[in-house]
Amino acid sequence: MFQRFRRTRLNKHLRSLVRETQVNVEDFIYPLFIRSGEGIKTEVASMPGVFQMSIDEVLKECEELKSLGIYSILLFGIPDTKDSIGSDALCEHGIIASSIRAIKEAHPDMFVVTDLCFCEYTDHGHCGIIDEAKETVNNDATLEISGEQALIHAKAGADMIAPSGMMDGIIERLRLTLR
Ligand SMILES: [Zn+2]
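Read on for an overview of the structure.

Here is what the cut-offs are and how they apply
- Residues numbered from 1 in each chain as written.
- Predicted model: local features only at pLDDT ≥ 70, side-chain atom pairs only at ≥ 80, totals over all residues.
- Heavy atoms only, no water.
- Helix = DSSP H or I, 4+ residues; strand = E, 2+ residues; numbered from the N terminus.
- Rg over C-alpha atoms; globule rule 2.2 N^0.38 Å.
- Buried < 20%, exposed > 50% of the residue type's maximum accessible area, 1.4 Å probe, protein only.
- Salt bridge = Lys/Arg side-chain N within 4 Å of Asp/Glu carboxyl O.

1. A look at the overall build of the chain
Thought 1: Within the chain, the secondary structure is distributed over five helices and eight strands.
Thought 2: The order of helices and strands in the chain, counted from the N terminus, is α-β-β-β-α-β-α-β-β-β-α-β-α.
Thought 3: Relative to the 2.2 N^0.38 estimate, which gives 16 Å for 179 residues, the radius of gyration of the chain is 20 Å and therefore markedly larger than a compact globule would have.
Thought 4: Taken over the C-alpha atoms alone, the chain extends approximately 60 × 45 × 35 Å along its principal axes.
Thought 5: The buried share of the chain, reckoned over its 179 residues, is 35%.

Given below as structure tokens:
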């Protein structure tokens, strides 16, 4: 049977009447890529208009975001040093923990979401601890350090944690760790 969808798309008034999904400024979460240093705002070559910023620049950016009505941000960290287990992500003075504290102090009204992941922090680029013998990520060892990372984010003041590492059992582990 034919369905005639064009009928409800005739003009903007009709479309606004029947539209099921509305995207408002409150729905946006603005991603921020944070590195150490001062006065750094470097454009990412592969993503024009997206910058890596030092914390002082991020604080200025938050000011502008609020003026636009955007109060939610998602933090990605770029550490100075990488190693086999992503130690910077497991340190309360690491780039993300330091960023959360600085943002919450300057902008307590910002809603801070953190990316929970290890691939940016490991020297091998995989999202967790590698099991050399099996040539794959050690799922359960990675769950352990994911819990540690979540706790560091939460203690620093994160409002929400966004696990992107996709380890089996990650949600259960985070709920048990953070309850
Ligand atoms: Zn990852």
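2. Details of the pattern of salt bridges
Thought 1: Under the definition given, this model contains six salt bridges.
Thought 2: Here Glu-61 makes a salt bridge to Lys-41, at a shortest N to O gap of 3.6 Å. Here the residue Glu-61 occupies a position in helix α2 (residues 55-67), and Lys-41 occupies one in strand β2 (residues 41-43), the gap between them amounting to 20 residues.
Thought 3: A relative accessible area of 10% means that Glu-61 is categorised as buried.
Thought 4: Note on Lys-41: relative accessible area 41%, which makes it partly exposed.
Thought 5: Residues Lys-82 and Glu-120 are paired through a salt bridge, measuring 3.4 Å at the closest nitrogen-oxygen approach. Here the residue Lys-82 occupies a position in the loop between β4 (72-78) and α3 (95-106), and Glu-120 occupies one in the loop between β5 (111-116) and β6 (130-131), the gap between them amounting to 38 residues.

Don't take any of this as a statement about function, it's just geometry.
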